[in-house]
Amino acid sequence: MMTAHHKQALEMANLALTRAKRPEIKQLAQSIIKDQKSEIQTMATLYKTAYGTEIPSMTMGGGMNSMNGMNGIKMDMNTLKNAANFDKEFLRQMSAHHQMATQMSQMILQTTKLPEIRTLAQSIVKAQTAEIGQMQKWYQTWYKSNL
């Protein structure tokens, strides 16, 4: 599920490279792409080592365009693609998306004993919590309200 989740973040970040107006958003998108591609590769390697096969394809909540989060926030690529203020909508959706990833990672930290998976989950929590904090600061500064 985390691989599918990361692939949606890549889709959102790639869209930001062409649609975002603020350079800070484009820089964040580049960082997300770099980090999450690396994490997807790590997950694929761990899965293949454990199960001897590739990670099966999966959809979440009826597809990537309508993925419902654990906390009920709907990730909507169509809303993002058509947003009048792309940067504002990107911050809103990516912050919620990252919060979901940190929740998923916290859950795995409570259940796994495998050090490689624990390390990956801890890394996701640390990196994405920092990015959430940055996105919240930008949102407050640029839009004078809280995410």
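Preceding block: the structure.
Conventions used here
- Residues numbered from 1 in each chain as written.
- Predicted model: local features only at pLDDT ≥ 70, side-chain atom pairs only at ≥ 80, totals over all residues.
- Heavy atoms only, no water.
- Phe/Tyr/Trp six-rings, centres within 6.5 Å; stacked < 30°, edge-to-face > 60°.
- Helix = DSSP H or I, 4+ residues; strand = E, 2+ residues; numbered from the N terminus.
- Buried < 20%, exposed > 50% of the residue type's maximum accessible area, 1.4 Å probe, protein only.
- Lys NZ or Arg CZ within 6 Å of the ring centre and 35° of its normal.
- Core = buried A, V, L, I, M, F, W, Y, C linked by side-chain atoms within 4.5 Å.
- Contact = heavy atoms within 4.5 Å.

Overview of the packing of aromatic side chains
How two aromatic rings sit relative to each other is set out by the distance from centre to centre and by the angle between their planes.
Now for step 1: Evaluation of the coordinates by the stated rule reveals 5 aromatic pairs.
Now for step 2: For the pair Trp138 and Trp142, a centre-to-centre distance of 5.4 Å together with 10° between the ring planes defines the contact as stacked. You can see Trp138 and its partner Trp142 sitting in helix α5 (residues 115–143), 4 residues apart, about one turn around the helix.
Now for step 3: Among the residues examined, Trp138 registers a relative accessible area of 16% and is labelled buried.
Now for step 4: Plain terms: the ring middles of Trp142 and Tyr143 are 6.3 Å apart, the flat faces sit at 85° to each other, and that makes the pair edge-to-face.
Now for step 5: One aromatic cluster is present, built from ring pairs that chain together Trp138, Tyr139, Trp142 and Tyr143.
Now for step 6: Its guanidinium or amino end placed over the ring of Trp142, Arg22 lies 3.9 Å from that ring's centre, counting from NZ or CZ.

Section: the side chain of Gln128
Now for step 1: With respect to the helices and strands, the residue Gln128 is situated in helix α5.
Now for step 2: Judged by relative accessible area, which is 3%, Gln128 ranks as buried.

A look at the nonpolar core
Now for step 1: With 32 residues, the main nonpolar core has Ile25, Phe90 and Leu91 as its most contacted residues.
Now for step 2: Elements supplying a minimum of two residues to this core: α1 (2–19), α2 (23–51), α3 (77–81), α4 (86–111) and α5.
Now for step 3: For this core, the element with the highest residue contribution is α5, accounting for 8 residues.
Now for step 4: Setting aside chain neighbours within four positions, we find Leu91 in contact with Ile25, Met135, Trp138, Tyr139, Trp142, Tyr143 and Leu147.

By themselves, these observations are geometric and do not establish any function.
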